[in-house]
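The lines below spell out each chain.
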Amino acid sequence: MSVLVLILAVSAACCLGFGFVLQQNAAQRAPLSDFLSPRLLLDLMQVPRWLGGIALMVAGMVLGAIALSQGEISLVEPLLATNLLFALALSRKQTRQPLGRQGWTGLALLAGGVTVFIVAGEPRGGTAVSDPFRHWLIIGAMVGLALLLTTYAKRSRLSAAPVLLALAAGLLYGVQDALTRVSGERFAQGGLTELVTGWQPYGVAALGVAGLILVQSAFETAPLRMSLPALTAAQPLAGILCGVGFLGDRLRTDTGALAWEAAGLAAIVGGIVLLGLHPCMPSGTVKPERVQALQRS
């Protein structure tokens, strides 16, 4: 594994983690009438804390894009999942809650899972699949599932909406990472002309805006601990699926390696859940009148 890729991916995770906390602090005070509406972004643009969180997220996405241009998506995505560690660190400073057994266990599972998956899978580059049907099949499945989750979230409202919206956003962000990788390859091959004549950079922009609306709506309606674990878990899984499915990433496929890779991914998800549910994560201030207003709408 390249040291440069490691530094870039972990730096991106740091910016993303800090940015998510600042965004949720601001989004929880946004009008509930903006739920799942582009107006939500317009209202939040007036909040300095949210703008700071967005600036950090953009910085994280840029660093992540550079990391993706230097390494396989199956390698970068698990490292980006460590953004929850940095979100936990900032939240812990705000709440002054000790890590305790739950925090240390989650930290060990997440860090250990990332290490096991990378060591066992040995992610490496290969020849990207040229068949457009396979591209669209995988991308369509991810986007379709995100739309289904969003539709159900709009109906369920507060009961399950934050988790479903975060899962949908994570799937979109995973696909966005894959298209970012493709866009970078097109730029390297033919410069700006090659980049702007493909559909991928426009897909990156569209997925970014859609994912941002979903994430902010999830942050608006519930504590961070209900949404961030789902977002952090879904993104690497979707990204790895795209990487192996059509970007040409290769993982070891012998029985022992597959077992360790599955164990690593399970540990990553388990660690994310434990850290995301930690008491130090911002609980938010969803007032009863806000709950009633959302349920009536």
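Note that this is a predicted model, so its numbers are computed, not measured.

## Structural notes on the overall build of the protein chain
Then comes step 1: When helices and strands are counted, the protein chain shows 12 helices and 0 strands.
Then comes step 2: Along the chain direction, N to C, the helices and strands of the protein chain fall in the order α-α-α-α-α-α-α-α-α-α-α-α.
Then comes step 3: Over its C-alpha atoms, taken along the principal directions, the protein chain stretches across nearly 55 × 45 × 30 Å.
Then comes step 4: Buried positions account for 52% of the 297 residues belonging to the protein chain.
Then comes step 5: Within the protein chain, residue pairs in contact and separated by at least 24 positions form 87% of the contacts whose partners lie at least 6 positions apart.

## Structural notes on the packing of aromatic side chains
Then comes step 1: Going through the model one piece at a time under the given rule, you end up with 3 aromatic pairs.
Then comes step 2: Residues Phe18 and Phe86 carry aromatic rings whose centres are separated by 6.2 Å and whose planes lie at 90° to one another, so their mutual orientation is edge-to-face. One end of the pair, Phe18, is in helix H1 (residues 3-27); the other, Phe86, is in helix H5 (residues 83-95), with 68 residues separating them in the sequence.
Then comes step 3: Exposure remark for Phe86: the relative accessible area of 22% places this residue in the partly exposed category.
Then comes step 4: For the ring pair Trp136 and Trp199, a centre distance of 4.6 Å and an interplane angle of 25° mean the geometry is stacked. Taken as a pair, Trp136 in helix H7 (residues 132-156) and Trp199 in the loop between helix H8 (161-196) and helix H9 (200-221) lie far apart in primary sequence, 63 residues in all.

## Comments concerning the state of the cysteines
Then comes step 1: Inspection of every chain in the model, using the stated rule, returns 0 disulfides.
Then comes step 2: The closest cysteine sulfur to the non-disulfide-bonded Cys15 is located on Cys14, 5.5 Å from its own sulfur.

## Notes on the confidence of the model for the protein chain
Then comes step 1: On average, residues of the protein chain score 84 in pLDDT, and 92% of them are at 70 or above.
Then comes step 2: Here helix H12 (residues 288-296) stands out as the element of the protein chain with the lowest mean pLDDT, 47, in contrast to helix H3 (residues 48-70), whose mean of 91 is the highest.
Then comes step 3: Throughout residues 285-295 the model reports pLDDT below 50, and contacts reaching past four residues in sequence, or to other chains, amount to 16 contacts.

## Observations concerning H7
Then comes step 1: Here H7 contains 25 residues, and its C-alpha end-to-end distance of 36 Å stays within 8% of the 36 Å for a straight helix at 1.5 Å per residue.
Then comes step 2: Of all the residues in H7, the buried ones are His135, Ile138, Ile139, Met142, Ala146, Leu149, Thr150, Ala153 and Ser156.
Then comes step 3: Looking at the packing, one finds that the buried side of H7 touches H8, H9 and helix H10 (224-245).
Then comes step 4: Where H7 starts, the residue carrying a side-chain oxygen 3.1 Å from the main-chain nitrogen of Phe133 turns out to be Asp131.

Each value, and the rule that gives it
- Residues numbered from 1 in each chain as written.
- Predicted model: local features only at pLDDT ≥ 70, side-chain atom pairs only at ≥ 80, totals over all residues.
- Heavy atoms only, no water.
- Helix = DSSP H or I, 4+ residues; strand = E, 2+ residues; numbered from the N terminus.
- Buried < 20%, exposed > 50% of the residue type's maximum accessible area, 1.4 Å probe, protein only.
- Contact = heavy atoms within 4.5 Å.
- Phe/Tyr/Trp six-rings, centres within 6.5 Å; stacked < 30°, edge-to-face > 60°.
- Disulfide = S-S within 2.5 Å.
- pLDDT = per-residue confidence, 0-100.
- Expected span 1.5 Å × (residues − 1).
- Polar contact = N/O pair within 3.5 Å; in protein donor to acceptor, adjacent residues only side chain to side chain.

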